[in-house]
Amino acid sequence: MDDSELFAAAQRLPTTRRPLLGLTILVVEDSRFACEALRLLCLRSGARIRRADCLASARRHLQVYRPSVLIADVGLPDGSGLDLIRELADASPRPSVILATSGDSSLADAAIEAGAAGFLEKPITSLAAFQQAVLSSMPPDRRPSGPRALADETVEPDLIAYRDDMAHAADVLNMGQEEKTLAYLAQFLGGVARSAGDNPLAEAADRLARSRQNGRPLTQDAATLAGLVQERLERRAAI
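These notes cover the structure that comes with them. (Residues numbered from 1 in each chain as written. Predicted model: local features only at pLDDT ≥ 70, side-chain atom pairs only at ≥ 80, totals over all residues. Heavy atoms only, no water.)

1. Some words on helix α8 (residues 179-196)
Because an α-helix packs 3.6 residues into every turn, residues spaced three or four apart end up facing the same way. Across its 18 residues, α8 extends 26 Å between first and last C-alpha, which sits within 8% of the 26 Å expected from 1.5 Å per residue. All of the buried residues along α8 are L182, Y184, L185, A186, F188, L189, G190, G191, V192, A193, S195 and A196. Looking at the buried positions of α8, the neighbouring elements they touch are α2 (32-45), β4 (75-76), α7 (159-174), α9 (199-213) and α10 (219-234). In the stretch just after α8, G197 is the one whose phi turns positive, near 75°. (Helix = DSSP H or I, 4+ residues; strand = E, 2+ residues; numbered from the N terminus. Expected span 1.5 Å × (residues − 1). Buried < 20%, exposed > 50% of the residue type's maximum accessible area, 1.4 Å probe, protein only. Contact = heavy atoms within 4.5 Å.)

2. A closer look at the sheet that holds strand β6 (residues 97-102)
What the five strands build is an open sheet, ordered β2-β1-β3-β6-β7; its pairing is parallel. Looking at the sheet topology across the chains shown, the edges are occupied by β2 (48-52) and β7 (118-121). Looking at each pair of strands side by side, their axes are set apart by 20° on average, direction ignored. Bridge count between β6 and β7: four bridges; the pairing is parallel. (Pairing = 2+ DSSP bridges. Axes fitted to C-alpha atoms, helices over the stretch in contact; angles between N-to-C directions.)

3. A short note on the side chain of S68
Relative to the assigned elements, S68 resides in the loop between α3 (55-64) and β3 (69-73). Leaving out residues up to four positions away in the same chain, S68 has contacts with G22, L23, T24, P95, S96 and V97.

All we've got here are geometric facts, nothing functional implied.
Have a look at this one:
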């Protein structure tokens, strides 16, 4: 190894300021807004990020490489992130760290049971909490040595990403309003809206979810949710 190679290798070693240097994190997340927050957290931590927006896309990534860290959303358009976590928990080789994420904290136990080392509740905006979640699950020899000051920093995703999520929701609604589609939409919009602090949309998504769980008609709640999505698409700013 010549001097240039030694320097390049040193640049990939974790530091106290950038403790995730050298790691590749595969984020399996259908929300662009949530993924933008994770992108900023990875950038500030030194990690490389790759994104998959569904299970099928994640599995295509995993045919090519094994990430150091997997962060999988529980609710995805083509299934549950818990299924992917189970697959990778038993795989060889497997990611060093497997984490689950959701806006529904009640899913934490199911994520741990599936094989996740930890659970990140949305919104994920704290740099210190993000780094700690990853580092606490890493093998000791991969963690930066010495004391590390916890960064008192949060990230704010670009609201353009929020508008992209509204466009995705509108596309899903245009595909039909079968119960399975509405169940996904309530989960997706509820998580995105809570992450962005959009309380009216979050409440409408929760009403749709409760109506579905209680076996009530969904037409009115779905129409209300569709109207709120359209309002946000028509604004220049997302919220």
